[in-house]
Amino acid sequence: MIVKYDAINLILKVEDKLSEVNDSLTIKMNALSQHLEKLQNSPAAHISGSGSGYGTKSNGYTITEWYTVSGSTWSLYMRGGMTYSNGYLTVPQQGLYYVYAQLLFYHAAGKYGAFSIDVNDSLRVRSYQDSNDQHSSNYVGRILQLLKGDRISIVISVSPNYLNREEQYSFFGAFLLR
């Protein structure tokens, strides 16, 4: 009789422990699900393509047309309230963002392509290029504290005629880190 009583107590304790573990896992799964949903809706953008629009500035040329209508699924990607218009990505909320760009330049007659990532038309990140190669790809990225409504753009130092605008070579974007 004592053995039967000990076995029943042990089973009840195991059931209680399993119930505690199940409750804990449910809480953790709900928290993870909420975190993933937040990540899926957080601001992010990736823009590439073969547009030909640009505007002139004192320090170079602002690329005003980026994305292509080629049908590529990654030419223009937006989520979480990021918007794009006339060469500018607009940030929907304040936060810490990773901002990046890659451009491929053709070189001729000693002209080397460089570019900057500007925020609200002020230089924030500059690339450097002095390659002797006929083509050179340059990538820069930086973590920046941005405010709601900040506008990100790309300014190149040489004529847009030296820029390869194919979507797999030239692109820029940003995403919220926190």
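Quick look at the structure, then. (Residues numbered from 1 in each chain as written. Predicted model: local features only at pLDDT ≥ 70, side-chain atom pairs only at ≥ 80, totals over all residues. Heavy atoms only, no water.)

1. Quick notes on a nonpolar patch on the surface
Defined as follows: Patch membership requires more than 30% relative accessible area and the absence of a salt bridge. Residues of like charge join within 9 Å; the nonpolar side chains Val, Leu, Ile, Met, Phe, Trp and Tyr join within 5 Å. Per-residue and other accessible areas were derived by the Shrake-Rupley procedure at a 1.4 Å probe size, with only the shown protein chains allowed to occlude residues. The term salt bridge refers to a pairing of a side-chain nitrogen on Lys or Arg with a carboxyl oxygen on Asp or Glu at a separation within 4 Å. The secondary structure listing takes helices from DSSP runs of H or I that are at least 4 residues long and strands from runs of E that are at least 2 residues long, numbered from the N terminus. Only protein chains enter the accessibility calculation, which uses a 1.4 Å probe; a residue whose area is less than 20% of its type maximum is buried, one above 50% is exposed, and one in between is partly exposed.
A contiguous nonpolar surface patch, about 290 Å² in accessible area, is contributed by Leu10, Val14 and Leu18. Locating Leu18 in the fold gives a position in helix 1 (residues 2-40). In this structure Leu18 comes out as exposed when scored by relative accessible area, which is 55%.

2. Here's the deal with unusual backbone geometry
Working note: non-glycine residues mostly have negative phi, and peptide bonds are mostly trans. The phi torsion at Asn86 lies on the positive side, around 50°, for a residue other than glycine. Looking at where Asn86 falls in the secondary structure, it is placed in the loop between strand 5 (83-85) and strand 6 (88-90). Given the relative accessible area of 51%, Asn86 is considered exposed. At Asp121, a position not held by glycine, the phi torsion is positive, near 65°. For Asp121, the location among the structural elements is in the loop between strand 8 (115-119) and strand 9 (122-126).

3. Side note on the nonpolar core
As a reminder, the rule being used: What we call a nonpolar core is a set of buried Ala, Val, Leu, Ile, Met, Phe, Trp, Tyr and Cys residues that are connected through their side-chain atoms within 4.5 Å.
Phe115, Ile117, Ile152 and Ile154 are the most contacted members of the largest nonpolar core, which totals 28 residues. Only strand 1 (44-48), strand 7 (95-106), strand 8, strand 10 (135-146), strand 11 (151-156) and strand 13 (171-176) provide two or more residues apiece to this core. With five residues, strand 7 is the single largest residue contributor to this core.

4. Brief notes about the pattern of salt bridges
According to the stated counting rule, one finds one salt bridge in the structure shown. The shortest N-O distance in the salt bridge between Lys17 and Glu20 comes to 3.7 Å. On the criterion of helical spacing, the pair formed by Lys17 and Glu20 is a turn pair, its members being three residues apart in helix 1. A relative accessible area of 51% means that Lys17 is categorised as exposed.

5. Focus on the packing of aromatic side chains
Filter applied, for reference: Under the pairing criterion, centres of Phe, Tyr and Trp rings, with the six-membered ring standing for Trp, must be within 6.5 Å; the plane angle then separates stacked pairs below 30 degrees from edge-to-face pairs above 60, leaving the rest tilted.
Applying the stated rule across the entire model yields four aromatic pairs. Here Tyr98 and Phe175 contribute two aromatic rings whose centre-to-centre distance is 5.6 Å and whose plane-to-plane angle is 45°, an arrangement assigned as tilted. Placement of the pair is Tyr98 in strand 7 and Phe175 in strand 13, with a sequence separation of 77 residues. On the accessibility criterion, Phe175 (33% relative accessible area) is partly exposed. Relative to Tyr139, the ring of Tyr100 has its centre 6.4 Å away and its plane inclined at 15°; by these criteria the two rings are stacked. One end of the pair, Tyr100, is in strand 7; the other, Tyr139, is in strand 10, with 39 residues separating them in the sequence. Look at Tyr100 and you get buried, because its relative accessible area is 11%. Its relative accessible area of 41% is what places Tyr139 among the partly exposed residues. Each residue in the set Tyr98, Tyr100, Tyr139, Phe171 and Phe175 is aromatic and connected to the rest through ring pairs, giving one cluster.

6. A look at the side chain of Gln102
Here is the rule we go by: Only heavy atoms matter for contacts: two residues are in contact if any of them lie within 4.5 Å across the pair.
Considering the arrangement of structural elements, one finds Gln102 in strand 7. Discounting chain neighbours no more than four positions away, the residues touching Gln102 are Phe115, Ser137, Asn138, Tyr139, Gln168, Tyr169, Ser170 and Phe171.

7. Structural notes on the pairing of strand 11
Here is the rule: We call two strands paired when DSSP finds no fewer than two bridges between them.
Most of strand 11 sits out of view: five of its six residues are buried. Bridge count for strand 3 (residues 60-63) against strand 11 is two bridges, and the pairing is antiparallel. Within strand 11, the residue paired with Thr62 across the bridge is Val155. Pairing of strand 6 with strand 11 involves two bridges; the strand directions are antiparallel. Counterpart to Leu89 in the pairing with strand 11 is Ile152. Looking at chain direction, strand 8 and strand 11 are connected through five bridges and run antiparallel. Looking at strand 11, one finds that Ile117 is bridged to Ile154.

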